[in-house]
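Analysis of the macromolecular model
So the chains spell out like this:
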Amino acid sequence: FVNFDLEISVIVSGNGKDVTVFPVQENIHRNNILSKTIVPARISESLADKAKSMAVRIAEQLKLSGTLCVEMFATADDIIVNEIAPRPHNSGHYSIEAAYTNQFEQHLRAILGLPLGSTQSKVAGVMVNLVGAEGEQGEVVYENIAQILAMEGVTPHIYGKKETRPFRKMGHVTIVNPEVAQARAIAEQVKRTIRVIALKK
């Protein structure tokens, strides 16, 4: 067991010549499923630099062609690698709206040997996973989706799965805002509002 403060991840992409690194992401899990990602992560600049350097070193050692997510634990003064996922990653979905080049475009650039884009964030981003509500199984309904669409900076992404079941990943919502604290507050409102349930017949 590791006594850690936060779970974080870093997404890197390589095209055979260059390696780029996205900002450090803070990940919060519920029921062993990623529930929310916050960017930038709430860690010190020195720890963030260490996490990014570690992810780049792993990418270089692997001669990475494509995109890789390095999942880590952040302790008070150190970073411990937990897992690597050689693909665009759930925790990087925030980049679709928040980054100059999102992880999917960067992955395509990387595997095609094209110049890699800027991984900088335009704004702070939070990603909230949409999972099936406990006790709900059947034809899916996204309850209150119109309400979250009315919120500023909120973009739902629905995966097109026709049936929900408890804790099944059904989509995600990205929230962007110039201030990370405001993005987090809106994300909490989103989580309280939308529910993934089964159609009542």
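Each remark here, short or long, concerns the structure printed above.
This report concerns the structure included in the present document.

**Some details on the overall build of the protein**
In terms of regular secondary structure, the protein is built from five helices and 12 strands. A compact globule built from 201 residues would reach a C-alpha radius of gyration of about 17 Å, and the protein, at 17 Å, matches this within 12%. Taken over 201 residues, the protein has a buried fraction of 48%. A fraction of 64% describes how many contacts in the protein between residues 6 or more apart in sequence connect residues 24 or more apart.

**Considerations on a nonpolar patch on the surface**
Together, Leu108, Ile111, Leu112 and Leu114 make up a nonpolar patch on the protein surface, roughly 390 Å² of accessible area in all. The topology assignment puts Leu112 in the loop between α3 (103-111) and β7 (124-131). With relative accessibility at 60%, the residue Leu112 sits in the exposed group.

**So, the pattern of salt bridges**
Tallying each qualifying case throughout the model produces seven salt bridges. As a salt-bridge pair, Glu188 and Lys36 come within 2.1 Å of each other at their nearest N and O atoms. Taken together, the residues Glu188 in helix α5 (residues 180-193) and Lys36 in strand β4 (residues 33-39) connect sequence positions 152 residues apart. Under the relative-accessibility criterion, Lys36 is labelled buried at 9%. Measuring nitrogen to oxygen at the nearest pair gives 3.9 Å for the salt bridge that ties Glu139 to Lys201. Taken together, the residues span a long stretch of sequence, with Glu139 in strand β8 (residues 138-143) and Lys201 in the segment after β12 (195-198) at a distance of 62 residues. Taking relative accessible area as the criterion, Lys201 reaches 87% and is therefore assigned exposed.

**Structural notes on helix α1 (residues 45-61)**
Between its first and last C-alpha, α1 extends 24 Å over 17 residues, near the 24 Å set by a 1.5 Å rise per residue. Along α1, the positions that sit buried rather than exposed are Leu47, Ala48, Ala51, Ala55, Val56 and Ala59. Those residues of α1 that are buried lie in contact with β1 (6-15), β2 (19-21), β5 (65-74) and β6 (79-85). Directly beyond the C-terminal end of α1, a positive phi value near 50° is found at Lys63.

**Things to note about α3**
Here α3 has its buried residues at Gln103, Gln106 and Ala110. Looking down the long axis of α3, one finds its buried residues gathered within 60° of arc, a one-sided arrangement. Taken together, the buried residues of α3 touch β1, β2, β5 and α2 (95-98). One side-chain oxygen at the N-terminal end of α3 lies 2.8 Å from the backbone nitrogen of Phe104; it belongs to Asn102. Note on α3: the residue one or two positions beyond its end, Gly113, has a positive phi of about 70°.

**Topic: the nonpolar core**
The tendency in soluble globular proteins is for nonpolar side chains to be buried as a group. Within the largest apolar cluster, 19 residues are counted, with the highest numbers of intra-cluster contacts made by Val126, Tyr142, Ile148, Val154, Val173, Ile175 and Val190. In terms of residue count, the dominant contributor to this core is α5 (four residues). In this view, Val173 contacts Val126, Met127, Val128, Leu130, Ile148, Val154, Thr155, Pro156 and Val190; residues no more than four positions away in its chain are not counted. Ranked by size, the runner-up nonpolar core spans 18 residues in total, among them Ile8, Val12, Ala55 and Val56.

About the thresholds
- Residues numbered from 1 in each chain as written.
- Predicted model: local features only at pLDDT ≥ 70, side-chain atom pairs only at ≥ 80, totals over all residues.
- Heavy atoms only, no water.
- Helix = DSSP H or I, 4+ residues; strand = E, 2+ residues; numbered from the N terminus.
- Rg over C-alpha atoms; globule rule 2.2 N^0.38 Å.
- Buried < 20%, exposed > 50% of the residue type's maximum accessible area, 1.4 Å probe, protein only.
- Contact = heavy atoms within 4.5 Å.
- Patch = residues over 30% accessible without salt bridge, like charges linked within 9 Å, V, L, I, M, F, W, Y side chains within 5 Å.
- Areas by Shrake-Rupley, 256 points an atom, 1.4 Å probe, with all protein chains shown as cover.
- Salt bridge = Lys/Arg side-chain N within 4 Å of Asp/Glu carboxyl O.
- Expected span 1.5 Å × (residues − 1).
- Arc of directions from axis to C-beta.
- Polar contact = N/O pair within 3.5 Å; in protein donor to acceptor, adjacent residues only side chain to side chain.
- Core = buried A, V, L, I, M, F, W, Y, C linked by side-chain atoms within 4.5 Å.

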